[in-house]
Amino acid sequence: MKRAYNFSAGPSMLPMPVLQQAAAEMVDYQNSGMSVMEMSHRSPVYEKIITEAEALLREVMEIPDNYKVLFLQGGASTQFAAVPLNLLSNSGKADYILSGQFSTKAYQEAQKYGDVKAVASSKEANFSFVPVVQKEDFRSDADYVHICFNNTIYGTKFPYIPDTGDIPLVADMSSCILSEPFDVSRFGVIYAGAQKNMAPAGLTVVIIREDLLGKARKETPTMLDYKVQADNQSMYNTPPCYCIYIAKLVYEWILGLGGLKAMKAQNEKKANLLYDYLDSQTYYVAPVSKESRSMMNVTFVTGDAELDKKFASEASERGLKNLKGHRSVGGMRASIYNAMPYEGVEALVAFMKEFAEKNPKA
Ligand SMILES: *Cc1c(COP(=O)(O)O)cnc(C)c1O
């Protein structure tokens, strides 16, 4: 068996020990006589899985007791609507920071429901940096402020947590959750699609401060009402059972490595290897500003669209998969989430050096 180094932005690599355990438990989960895929979500054996998954996530992220953890479906994109439906209920105002495509989509979706303002944007610079905002930039009566913490497509990350004072801060953390420790208490809501750093596609995790529950607008679909989901322990309907099981294995894997501090150290080491190489030469250019660099998604270009294309296809032949940049930015993007081994980044840098030597620019 030969495993590829898969640099996909998502769905992306899962840790080998997780895949192996899932394989070993595939047809008969712990003498239950069935796969986790086949069991009732109301059965005691499954209830144990989801209860443990939540407890483990709380432990890994040090989630304070006054926060609920929800295991939902619909992807981060459904949260673009769920957030305003649940929170836009006092002044009906919300402030958004536009740092990329996903935050822009979230902003556009929220506009259906109220007075939604873009307080800062880096669009003019093709989202190559994360705007810096101060408390004074927000409307004091806003119901919430929304950010996308790591911009998967552009390869940028917030180098700071915006100070919003008493206004709840809502963060899309789809592509950076579990990559390093975050102070959850700084946020009102954190949401993340699981397929970047946590589990297969199909699960969305929402972490919400309890005082923000029960404010949903009356037209909110029942399934999108955070309070309904919280009151029903994420089992108002059938939850994404198998994804939650894999997420639980991933949480155990992170704890086994030493938790998020250790995870961060590994991720820094990988990202530094790649960025240090990028900074040491001129063949490739990293287009985003240094202070906004993402630790999870690293973007670079040769400056020649034909060479970029050749790079991605030759890399793929070497088992370095999915390095083509997002269609809206071009170039290359290496997504180096938690499950990407250090050796994968080493192999990428070696290939980059070789490619640059063999393909001199005109
Ligand atoms: C991938 C991604 C999304 C979209 O997630 P879906 O689960 O496909 O809806 C939204 N935000 C960020 C930051 C992402 O990386």
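Residues numbered from 1 in each chain as written. Predicted model: local features only at pLDDT ≥ 70, side-chain atom pairs only at ≥ 80, totals over all residues. Heavy atoms only, no water.

Draft legend 1. Up close: the overall build of the protein. Along its length, the protein carries nine helices and 13 strands. Projected onto its principal axes, the C-alpha coordinates of the protein cover approximately 60 × 55 × 30 Å. Residue burial in the protein is summarised as follows: out of 362 residues, 55% are buried. Contacts spanning at least 24 positions in sequence make up 68% of the contacts within the protein whose residues lie at least 6 apart. When the accessible surface of the protein is summed, it comes to about 15,400 Å², and 50% of that surface belongs to carbon and sulfur atoms. Between the centroid of the 38 positive side chains of the protein and the centroid of its 41 negative side chains there is a distance of 4 Å. (Helix = DSSP H or I, 4+ residues; strand = E, 2+ residues; numbered from the N terminus. Buried < 20%, exposed > 50% of the residue type's maximum accessible area, 1.4 Å probe, protein only. Contact = heavy atoms within 4.5 Å. Areas by Shrake-Rupley, 256 points an atom, 1.4 Å probe, with all protein chains shown as cover. Lys, Arg positive; Asp, Glu negative; His and termini not counted. Charge placed at Lys NZ, Arg CZ, Asp CG, Glu CD.)

Draft legend 2. Structural view of the site of the ligand. Residues in close proximity to the ligand total 13 residues, the closest being Ser 77, Thr 152, Asp 172, Gln 195 and Lys 196. At a separation of 3.1 Å, an oxygen atom of the ligand approaches a polar backbone atom of Ala 76. Within the side chain of Gln 195, a nitrogen or oxygen atom sits 2.9 Å from an oxygen atom of the ligand. About the coverage of the ligand: the protein hides 85% of its 390 Å² of free accessible area. Counting residues per element, the shell around the ligand draws most heavily on helix H3 (residues 75–87), at four residues. (Near = heavy atom within 4 Å. Polar contact = N/O pair within 3.5 Å; in protein donor to acceptor, adjacent residues only side chain to side chain.)

Draft legend 3. Local environment of helix H9 (residues 342–358). Along its 17 residues, H9 runs 25 Å from first to last C-alpha, staying within 8% of the 24 Å computed at 1.5 Å per residue. Within the span of H9, buried status applies to Gly 344, Val 345, Leu 348, Val 349, Phe 351, Met 352, Phe 355 and Ala 356. All buried residues of H9 project into a common sector of 160 degrees when viewed along the axis, lining one side. Away from its buried face by more than 90 degrees, H9 exposes Glu 357 and Lys 358. Looking at the buried positions of H9, the neighbouring elements they touch are strand E1 (5–6), helix H7 (259–279), strand E11 (297–300), helix H8 (305–317), strand E12 (320–321) and strand E13 (332–335). (Expected span 1.5 Å × (residues − 1). Arc of directions from axis to C-beta.)

Draft legend 4. Examining the environment of Gly 325 more closely. Along the chain, Gly 325 turns up in the loop between E12 and E13. Sequence separation of Gly 325 and Val 301 is 24 residues, and the distance between their C-alpha atoms is 8.8 Å. In this structure Gly 325 touches Gly 330, Gly 331, Met 332 and Arg 333, once residues within four positions along its chain are discounted.

Draft legend 5. Inspection of the sheet that holds strand E10 (residues 204–209) at higher detail. With mixed pairing, the seven strands of this open sheet are ordered in space as E2-E10-E9-E8-E5-E3-E4. The open sheet has two free edges, formed respectively by strand E2 (67–72) and strand E4 (115–121), since each of these has just one partner strand. Pairs of neighbouring strands in the sheet enclose a mean axial angle of 15 degrees, with direction left out of account. Taken strand by strand, helix H2 (residues 44–61) contacts E2 and E10, and its axis lies near 130 degrees from that of E2. Packed on one face of the sheet, helix H4 (residues 101–110) meets strand E3 (93–98), E4, strand E5 (144–148), strand E8 (169–172) and strand E9 (189–193) and runs near 160 degrees to E3. (Pairing = 2+ DSSP bridges. Axes fitted to C-alpha atoms, helices over the stretch in contact; angles between N-to-C directions.)

Draft legend 6. Representation of the domain arrangement of the protein within the structure. What the domain assignment lists for the protein is domain 1 (16–257) and domain 2 (259–358). The C-alpha-based centres of domain 1 and domain 2 are spaced at 27 Å. At the interface, 27 residues of domain 1 touch 27 residues of domain 2. Between domain 1 and domain 2, a total of about 2,200 Å² is buried, with carbon and sulfur atoms accounting for 57% of that surface. In this structure, the connection of domain 1 to domain 2 is made through one salt bridge. Linking Glu 180 and Lys 264 is a salt bridge whose minimum nitrogen-to-oxygen distance equals 3.8 Å. (Domains from an automatic or database assignment. Buried area = accessible area lost by both parts, 1.4 Å probe. Salt bridge = Lys/Arg side-chain N within 4 Å of Asp/Glu carboxyl O.)

Draft legend 7. Main features of the pairing of E2. Burial within E2 is extensive, with five of its six residues counted as buried. Strand direction decides the pairing type here: E2 and E10, joined by six bridges, are antiparallel. Its bridge partner being in E10, Tyr 67 is matched across the sheet by Arg 209.

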